[in-house]
Amino acid sequence: MENVDALDYRAPALNASGGIDCEIDHPDYGWIPFTASPDDDEPAGQALYRRIVESEGDLETYREPLGDLAARKRDEIEAARDDAIAGGFEHTFGDKTDIVQTRERDRENITRLAVSAQRKPDAIFPFRAASNTEYQLTADEMLALHDAEQARVSEQYRRSWELKARLEQALEAEDRAGIEAVEW
């Protein structure tokens, strides 16, 4: 691409990185996507960028496509949900309140202990909370802890489903502000 002055382009639009996405009429391949950038390694790319800016004037400020925006927000919701699940919760052990850790491995451990509690209803189960305090739990207490952990996880999923439903409604209505407003 040596002579950019003779090169036809169409549909220029600013992109997220400050370049200009467009299509160029390549002499061998016809109309192909191209990104012109002021920082292009090739002088021809820089020259096309300058030519577009000079001839088009102010291009519309880049706006993330609605589908991409919604997908990014969905990813944010899922990450926040996972963080909330892993963040633990307060639980009362006798007369003391402590934090039950609920990272994935912790949840597996709680489930294993609950299964053991079902099989051994007369046993005592040691459980170590975030404070590093070890509590001696009866089978019923262990099952109650498991139920509390499951309720906590279910609540986080319920919240994420509600937010994702709002996100989908806003996307269907092509409501950019509605999509942007959905937050954990």
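Going by the structure above, here's the rest.
The text that follows walks through the structure, step by step, so that each part is easy to find. Predicted model only: the values in this text are computed from it and were never measured. (Residues numbered from 1 in each chain as written. Predicted model: local features only at pLDDT ≥ 70, side-chain atom pairs only at ≥ 80, totals over all residues. Heavy atoms only, no water.)

This brings us to the overall build of the protein chain. Looking only at helices and strands, the protein chain has 5 helices and 7 strands in total. Secondary structure elements of the protein chain, listed N to C terminal, follow the sequence β-β-β-α-α-β-β-α-β-β-α-α. At 28 Å, the protein chain has a C-alpha radius of gyration far larger than the 16 Å of a compact globule built from 184 residues. Look at the contacts in the protein chain between residues 6 or more apart in sequence, and 48% of them connect residues 24 or more apart. Summing over all exposed atoms, the protein chain offers an accessible surface of approximately 11500 Å²; the carbon and sulfur share of this is 46%. (Helix = DSSP H or I, 4+ residues; strand = E, 2+ residues; numbered from the N terminus. Rg over C-alpha atoms; globule rule 2.2 N^0.38 Å. Contact = heavy atoms within 4.5 Å. Areas by Shrake-Rupley, 256 points an atom, 1.4 Å probe, with all protein chains shown as cover.)

Here strand E1 (residues 9–14) pairs with strand E2 (residues 20–26) via 4 bridges, running antiparallel. Among the inter-strand pairings, Leu14 is bridged to a residue of E2, identified as Ile20. Taking the residues that link successive antiparallel strands as the turn, the E1-E2 hairpin has 5 residues, and the phi of Gly18 there is positive, at about 95°. (Pairing = 2+ DSSP bridges.)

A few words on the packing of aromatic side chains. Summed over the entire model, instances satisfying the criterion amount to 3 aromatic pairs. With centroids separated by 6.0 Å and ring planes inclined at 20°, the aromatic side chains of Phe93 and Phe127 adopt a geometry described as stacked. Separated by 34 residues along the polypeptide, Phe93 in strand E4 (residues 89–93) and Phe127 in strand E6 (residues 124–128) bring together distant segments of the chain. With a centroid separation of 5.8 Å and an interplanar angle of 50°, the aromatic rings of Tyr157 and Trp161 are classed as tilted. Highlighted residues: Tyr157 and Trp161, both in helix H4 (residues 139–172), separated by 4 residues, approximately one helical turn. Here Tyr157 falls in the partly exposed class, since its relative accessible area comes to 30%. A residue is classified by how much of its surface remains accessible, and Trp161, at 54% relative accessible area, is exposed. The structure contains a cluster of three or more aromatic residues connected by ring pairs, namely Phe93, Phe127 and Tyr135. Positioned above the aromatic ring of Trp31, the side-chain terminus of Arg10 is 4.0 Å from the ring centre. In this arrangement the basic side chain of Arg159 is found over the ring face of Trp184, its NZ or CZ atom lying 4.2 Å from the centre. (Phe/Tyr/Trp six-rings, centres within 6.5 Å; stacked < 30°, edge-to-face > 60°. Buried < 20%, exposed > 50% of the residue type's maximum accessible area, 1.4 Å probe, protein only. Lys NZ or Arg CZ within 6 Å of the ring centre and 35° of its normal.)

The subject of this paragraph is unusual backbone geometry. Its identity as a non-glycine residue notwithstanding, Ala11 has a phi of 55°, on the positive side. With respect to the helices, strands and loops of the structure, Ala11 is situated in strand E1. A positive phi is found at Asn132, a non-glycine position, where the angle reads about 75°. The topology assignment puts Asn132 in the loop between E6 and strand E7 (134–138). Overall, Asn132 belongs to the exposed group, its relative accessible area being 51%.

For the rest of this paragraph, the subject is the pattern of salt bridges. Tallied over the full model, the rule gives 13 salt bridges. With a closest N to O distance of 2.5 Å, Glu168 and Arg74 form a salt bridge. Here Glu168 is found in helix H4, whereas its partner Arg74 is found in helix H2 (residues 66–86), with 94 residues between them in sequence. Given the relative accessible area of 24%, Arg74 is considered partly exposed. Residue Arg81 pairs with Asp82 through a salt bridge whose shortest N-O separation is 2.9 Å. (Salt bridge = Lys/Arg side-chain N within 4 Å of Asp/Glu carboxyl O.)

On the secondary structure map, Arg176 appears in helix H5 (residues 176–181). Of the buried charged residues, Arg176 lacks a salt bridge, with Glu180 as the closest side chain of opposite charge at 4.3 Å. A polar contact is formed between the side chain of Arg176 and the backbone oxygen of Glu64, at a distance of 2.9 Å. Residues contacting Arg176, with those up to four places away along its chain left out, are Arg63, Glu64, Leu66 and Leu69. (Lys, Arg positive; Asp, Glu negative; His and termini not counted. Polar contact = N/O pair within 3.5 Å; in protein donor to acceptor, adjacent residues only side chain to side chain.)

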